[in-house]
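What the coordinates show
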Amino acid sequence: MNGFVRRPWDLPQSLHTPLEVFRAPRPSRREFLLEMSASALLLAGCQKAPTDQELTAAGAVAIDTSKYPASRSTRFEYGRTESIKRDTEQFANFYEFTSSKEVFRHISGFNPTPWSFEVTGLCKNPRTYDLDQIVSTFPLEERAYRHRCVETWAMCVPWTGFALRDLITAADPLPTAKYVRFETFMRPAEARQQLDSNYPWPYQEGLTLAEATNELAFIATGIYGAPLPKQNGAPVRLVVPWKYGFKSIKSIVKIELTDKQPSTFWNSLNPHEYSFEANVDPAVPHPRWSQQYEWMLGSRENFDTVKYNGYGEWVARLYEPG
Ligand code: MTE
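For the rest of this paragraph, the subject is the packing of aromatic side chains. Taken as a whole and judged by the stated rule, the model has 29 aromatic pairs. When the centroid spacing of 5.1 Å and the interplanar angle of 80° are considered together, the rings of Phe-91 and Trp-153 count as edge-to-face. Placement of Phe-91 in the loop between helix H4 (85-90) and strand E1 (116-121) and of Trp-153 in strand E4 (residues 153-163) is noted, with a sequence separation of 62 residues between them. By relative accessible area, which is 21% here, Phe-91 ends up partly exposed. Consider the rings of Tyr-145 and Phe-218, whose centres lie 5.9 Å apart with planes at 70°: the pair is edge-to-face. Highlighted residues: Tyr-145 in strand E3 (residues 141-148) and Phe-218 in strand E7 (residues 218-223), separated in sequence by 73 residues. On the accessibility criterion, Tyr-145 (0% relative accessible area) is buried. Pairwise contacts between aromatic rings join Tyr-95, Tyr-199, Trp-201, Tyr-203, Phe-246, Phe-265, Trp-266 and Tyr-274 into one cluster. One cation-aromatic arrangement involves Arg-146 over Tyr-311; the distance from NZ or CZ to the ring centre is 4.7 Å. Sitting over the ring of Phe-276, Lys-247 keeps its end group 4.2 Å from the ring centre.

Before going further, it helps to spend a moment on the site of the ligand. As a matter of local geometry, the ligand sits amid 19 residues, with Tyr-95, Glu-96, Arg-237, Ser-248 and Lys-250 nearest to it. Taking Thr-184, its side chain carries an N or O atom lying 3.0 Å from a nitrogen atom of the ligand. For the ligand, an oxygen atom lies 2.7 Å from a polar atom in the side chain of Arg-237. Starting from 540 Å² of accessible surface for the ligand in isolation, the protein chains cover 100%. In a pocket analysis with a 2 Å cut-off to the grid points, the ligand is assigned to the largest cavity. Split into classes, the residues belonging to the shell around the ligand amount to ten nonpolar, six polar and three charged.

Another point: the confidence of the model for the protein chain. When pLDDT is averaged along the protein chain, the result is 89, and 86% of the positions lie at 70 or above. A low-confidence stretch, residues 5-45 (pLDDT under 50), is modelled with nine contacts involving residues beyond four sequence positions or located in other chains.

Let's shift gears to the layout of surface pockets. For the largest pocket, the calculated volume is near 280 Å³. In terms of lining, the largest pocket is formed by 19 residues, of which the most central are Tyr-244, Ser-275, Ala-278, Asn-279 and Val-284. Here the residues of the lining of the largest pocket are counted per class, giving ten nonpolar, five polar and four charged.

Here we take up empty space enclosed by the protein. Considering all chains together, one arrives at two cavities of 30 Å³ or more under this definition. Roughly 270 Å³ of volume is contained in the largest cavity. Lining of the largest cavity is provided by 22 residues; of these, Asn-93, Arg-237, Gly-245, Ser-248 and Lys-250 occupy positions nearest its centre. Residues belonging to the lining of the largest cavity are distributed by class as follows: twelve nonpolar, seven polar and three charged. Reported here for the second largest cavity is a volume of approximately 30 Å³. In terms of lining, the second largest cavity is formed by Arg-146, His-147, Arg-148, Val-239, Val-240, Pro-241, Lys-243, Tyr-244, Gly-245 and Ser-248. Ranked by residues supplied to the lining of the second largest cavity, first place goes to E3 with three residues. Split by residue class, the lining of the second largest cavity holds four nonpolar, three polar and three charged.

Turning our attention to the sheet that holds strand E2 (residues 127-130). Strand order in the open sheet formed by five strands is E2-E1-E10-E5-E6, with mixed pairing between adjacent strands. Two strands lie at the open edges of the sheet, namely E2 and strand E6 (204-208), each paired on one side alone. In this sheet, adjacent strand axes meet at a mean angle of 15° when their direction is disregarded.

Next up on the list: the pattern of salt bridges. Under the definition given, this model contains 19 salt bridges. Of the charged contacts, one joins Glu-102 and Arg-105 as a salt bridge, the two residues approaching to 2.6 Å between their closest N and O atoms. Across the salt bridge formed by Lys-247 and Glu-205, the nearest N and O atoms sit 2.7 Å from each other. With Lys-247 in the loop between strand E9 (237-239) and strand E10 (252-258) and Glu-205 in strand E6, the pair connects residues that are 42 residues apart, well separated along the chain.

What counts and how
Here the residue numbers are simple positions, counted from 1 along each chain's written sequence. For a predicted model such as this one, the threshold for reporting local features is a pLDDT of at least 70, and the threshold for listing and counting side-chain atom pairs is 80 or more; totals across whole chains, interfaces and linings nevertheless cover every residue. Excluded from the side-chain calculation are hydrogens and water; included are all heavy atoms of the structure. Ring geometry is summarised as follows: Phe, Tyr and Trp rings, the Trp one being its six-membered ring, pair when their centres sit within 6.5 Å, and such pairs are stacked at plane angles under 30 degrees, edge-to-face over 60 and tilted between the two. Helix and strand assignments come from DSSP, with helices taken as H or I runs of at least 4 residues and strands as E runs of at least 2, each series counted from the N terminus. Throughout this description, buried means an accessible area under 20% of the type-specific maximum (1.4 Å probe, protein chains only), exposed means over 50%, and partly exposed covers the range between. Our definition puts a charge over a ring when NZ of Lys or CZ of Arg is within 6 Å of the ring centre and also within 35 degrees of the ring normal. A cutoff of 4 Å decides nearness: a residue is near a molecule or strand if any of its heavy atoms lies inside that distance of it. Distance and chemistry together define a polar contact, namely a pair of N or O atoms within 3.5 Å, with one atom able to donate a hydrogen and the other to accept it when in protein, and with adjacent residues in sequence counting only for side-chain atoms on both sides. All accessible-area figures derive from a Shrake-Rupley calculation using a 1.4 Å probe, and residue coverage is judged against the displayed protein chains alone. A 1.4 Å probe that fits but cannot get out identifies a cavity on a 1 Å grid over protein atoms alone, an open set with protein on both sides within 12 Å along at least five of seven lines counts as a pocket, and a residue lines either if it has an atom within 4 Å of a point. Assignment of a molecule to a cavity or pocket requires that more than half of its atoms lie within 2 Å of the corresponding grid points. Side-chain classes are defined by residue name, with Ala, Val, Leu, Ile, Met, Phe, Trp, Tyr, Cys and Pro counting as nonpolar, Asp, Glu, Lys and Arg as charged, and the others, Gly among them, as polar. The predictor attaches a confidence to each residue, called pLDDT, with possible values from 0 through 100. The contact criterion used is simple: two residues touch if any of their non-hydrogen atoms lie within 4.5 Å. Grid points are joined across faces, edges and corners, and a volume is the space filled by probe spheres set on the points. A pair of strands is considered paired only if DSSP assigns at least 2 bridges between the two. For helices, the fitted line uses only the C-alpha atoms of the stretch in contact; every axis is such a line through C-alpha atoms, and the angle between N-to-C directions lies from 0 to 180 degrees. For this document, the term salt bridge refers to a Lys or Arg side-chain nitrogen within 4 Å of an Asp or Glu carboxyl oxygen.

Right, here's the structure in full:
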């Protein structure tokens, strides 16, 4: 995704060529070639594909695994082949750490334990949950969901978690509550891209209360039968499979019931490209690319995009006029 926050020629001061380097004598052709091959080797070393063990180690979070795997719900099916764990760990979006897909290379400083999140705002029972309380208050189940990123890549993964509506029911919303606002952590010391003030940190997302209490909206604490790895949003994230992936906010610290439509990260960066609603819809092209097709992580298989990502049976009525 690209919010056009910085133009390629807008180099920060730290990347300007220092005057002494600009004025230094030029290397000979031989010196230049030697230096180029050394850099190429270095680059190849850095970009080496990680082993499965390296990937798992990069994303591992030291938390209680006794609730995993949870039993799989039979109500949801991909209708496609399940994505391979390695592919979904290797290719992720987590802008707090990097704009590249190789988030696993940038998360060693992220320490999501201990963790807590608050449910607050227009409700009768606001509450702060720590991780143990979350997984013991709400019975966990596994759901096979399709995921479609606005950038046209897609995956099919088994999330572990519980229905968001159970959390909202426990909070007991006031009649004035119309929206739910979600917020990710703000830890620039651990997530270096949060130092870049061109982005509206912290990452925020929002749903209408009707969307949030639809049975598909899911709070995930795990994936592939184990707690979430860091790059996939440890330790707790949202999953809304009928919407483009940017709505599925990661590493949540706050859920707020409110009477106003929340401002959201990508919509405030670029409202022409990323709407608040952001339902998967092949008939609405992105201004810079078509949304007619999607490709699967790993296999690169192509499919036609389906409205609501194929979940119309659950959610279409939410968008019917009147
Ligand atoms: N949540 C936060 N906090 N930060 C992000 O950058 N990226 C979003 C979403 N949630 C993002 C986020 C986007 S664009 C997508 S497609 C999904 O996470 C990707 O989820 P995955 O990396 O687990 O596949």
